Amino acid sequence: MVIRETLQTPVTYECDVLVCGGGIAGVSAALAAARQGKSVMLLEKQHILGGLGTAGLITYYLPLCDGYGKQVSFGIAEELLRLSIQMGAEARYPANWLDSDDPAGRTEHDARYETRYNPYIFAVLMEQLLKQESVRILYGTYAVGVSTKGDKIHTVMIENKTGRQAIAVKSVVDATGDCDIAVFAGAPTALFQQGNLLASWYYALDKNGYDLHSLGYADMPENRKTDADRERTKHFERFSGVDGEEISEMMQKAHRLMLDDWLKKREKDATVIPTTISSIPQLRMTRKLVGEYCQDDTEMHQEYADSVGMVSDWRERGPVYEVPFGTMVTKTVKNLVVAGRCTSVTDSMWDIMRVIPCCAVTGEAAGVAAAMTDDMIALDVTALQAKLVKNGVVLHERDL
Ligand SMILES: Cc1cc2nc3c(=O)[nH]c(=O)nc-3n(C[C@H](O)[C@H](O)[C@H](O)COP(=O)(O)OP(=O)(O)OC[C@H]3O[C@@H](n4cnc5c(N)ncnc54)[C@H](O)[C@@H]3O)c2cc1C
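Each value, and the rule that gives it
Residues numbered from 1 in each chain as written. Predicted model: local features only at pLDDT ≥ 70, side-chain atom pairs only at ≥ 80, totals over all residues. Heavy atoms only, no water. Salt bridge = Lys/Arg side-chain N within 4 Å of Asp/Glu carboxyl O. Helix = DSSP H or I, 4+ residues; strand = E, 2+ residues; numbered from the N terminus. Buried < 20%, exposed > 50% of the residue type's maximum accessible area, 1.4 Å probe, protein only. Expected span 1.5 Å × (residues − 1). Contact = heavy atoms within 4.5 Å. Polar contact = N/O pair within 3.5 Å; in protein donor to acceptor, adjacent residues only side chain to side chain. Pairing = 2+ DSSP bridges. Domains from an automatic or database assignment. Buried area = accessible area lost by both parts, 1.4 Å probe. Nonpolar A, V, L, I, M, F, W, Y, C, P; charged D, E, K, R; others polar. Near = heavy atom within 4 Å.

A. Main features of the pattern of salt bridges. Counted under the stated rule, the structure contains 31 salt bridges. Among the salt bridges present, the one from K334 reaches D151, with a minimum N-O distance of 2.7 Å. Highlighted residues: K334 in the loop between β15 (320-324) and β16 (336-338) and D151 in the loop between β6 (142-149) and β7 (152-160), separated in sequence by 183 residues. A relative accessible area of 31% means that D151 is categorised as partly exposed. The partner of K207 in a salt bridge is D269, with the nearest N and O atoms 3.3 Å apart. In this pair, K207 sits in the loop between β10 (202-206) and β11 (209-213) while D269 sits in the loop between α7 (244-268) and β12 (273-277), placing the two residues 62 residues apart along the sequence. When its relative accessible area of 13% is taken as the criterion, D269 is described as buried. Beyond isolated ion pairs, a larger network of salt bridges with shared partners links D219, E222, K225, D227, R230 and R238.

B. Focus on α7. Over its 25 residues, α7 extends 37 Å from the first C-alpha to the last, a length consistent with the 36 Å expected when each residue adds 1.5 Å. Taken residue by residue, α7 has M250, M251, A254, M258, D261 and W262 as its buried positions. The inward-facing, buried residues of α7 abut β10 and β12. Near the N-terminus of α7, the side chain that reaches the backbone nitrogen of E245, with its oxygen 3.0 Å away, is that of D243.

C. Focus on the pairing of strand β14 (residues 307-312). Within β14, 6 of the 6 residues are buried, leaving the element largely enclosed by the surrounding structure. Strand direction decides the pairing type here: β14 and β15, joined by 4 bridges, are antiparallel. Within β15, the position partnered with S312 by the bridge is V320.

D. Focus on the domain arrangement of the chain. Partitioning the chain into domains gives domain 1 (11-192 + 286-399) and domain 2 (202-277). Between the C-alpha centres of domain 1 and domain 2 the distance comes to 26 Å. Taken together, the contact between domain 1 and domain 2 spans 19 residues of the former and 14 residues of the latter. Between domain 1 and domain 2 the total buried area reaches about 1,200 Å² when both faces are included, carbon and sulfur atoms providing 54% of it. Applying the counting rule to domain 1 against domain 2 returns 2 salt bridges. In this structure, D211 engages R116 in a salt bridge whose closest nitrogen and oxygen atoms are separated by 3.4 Å. Summed over the shared surface of domain 1 and domain 2, the result is 5 residue pairs in polar contact (both at pLDDT 80 or more). Of all the secondary-structure elements, those providing two or more residues to the side of domain 1 that touches domain 2 are α4 (119-132) and α8 (347-353). Among the elements that line the side of domain 1 that touches domain 2, the one with the most residues is α8, at 3 residues. Class assignment for the residues of the side of domain 1 that touches domain 2 results in 6 nonpolar, 4 polar and 9 charged.

E. Spotlight on the site of the ligand. Around the ligand there are 32 residues in total, and E44, L52, Y60, R354 and I356 lie nearest to it. When residues of the shell around the ligand are traced back to their parent elements, those giving at least two are α1 (24-34), β6 and α9 (356-372). Considering each element in turn, the shell around the ligand owes the most residues, 3 residues, to α9. Each residue belonging to the shell around the ligand can be placed in one class, and the counts come to 16 nonpolar, 10 polar and 6 charged.

Here it is, written out as structure tokens:
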């Protein structure tokens, strides 16, 4: 059965740049766009900034460096790492990078420029930073659709406590993690072929203090699996992350997994007690853009004329990737730019690009681009690169 609705949706807001999603990518994009002097709104369906990196309790800020002592990610990616531990690190304080100029200490295996932060302090500090830059944040607000004129988004439909409204936009950053806006606007997208395994990271307190329990099996892309990995996971349930009912089921299973884990731990230590569980689904890879360029993990150390920054491979020392702007845009929707864990990459590259520093790198580039134009395909990428370089971003590996 289908119900035909006739909607009269009031256009309540307008802005130059609308950032949909307030995870690390969305925060970076909003910050970058606001610093270009544009009016910026950020929508977030939760009531806290940071997405998986805060509400999702994923509090490991993975490396900004290549593992051999060279920093590769700069700009807002570094600014947010420093902000995350401005009031103290939860673990892995990167002293070799922040308190010492001696490069010798930065080459050890365990001396990467990474850290662990407190999710709530980081979320509130990000909120203060965005407010300082006059970003208008709308919490509890879901982007639920768009209207288009030609090949551009004209308004984004939202729903929150007030009801259904619309925002008139010049350009849009899709930082939803799932390419929601791209789908609403009819841009090509693709799903993660493997699907996600169940994760249930939670915080608990025991006699030794407060700590993160990284519960669940960390899967890897097909090309890195051994036969033993395939055998071990072949009966595991997998989740696409783009179906409302499936996500609800997954959350209930994640809650049960946490409870069972805690009950088991309590048998050994009566003082252990859970303090926080994730309020959003812990999904690594769901839906991505099929953009103008699709980057693969074999393209390490390759130079791109449209590079907007660099990232390393969190899983091993050595590989460095320049990030092509073409992975963030599509000619089907010209005023849309995608950032974070849903850019246009192969499934094997996705495992690299989905992590926090990479989301900040694409977020910053998306924010500057969205502030510059409502036509990403016609954008003068050299001018975008000049602005990023002015912000401290290093574009090419040869410049390190
Ligand atoms: C189990 C697990 C372990 C991980 N481990 C690490 C790790 O150790 N280190 C690391 O760096 N990374 C890790 N990651 C990956 C990393 O945490 C995320 O990929 C990254 O934080 C994603 O940032 P993002 O901003 O792209 O997306 P998200 O954090 O998903 O943010 C998207 C935001 O958009 C909001 N949103 C979504 N749809 C809408 C909509 N329609 N309207 C309004 N708002 C919307 C969401 O509420 C969310 O806040 C892990 C991920 C998982 C699941």
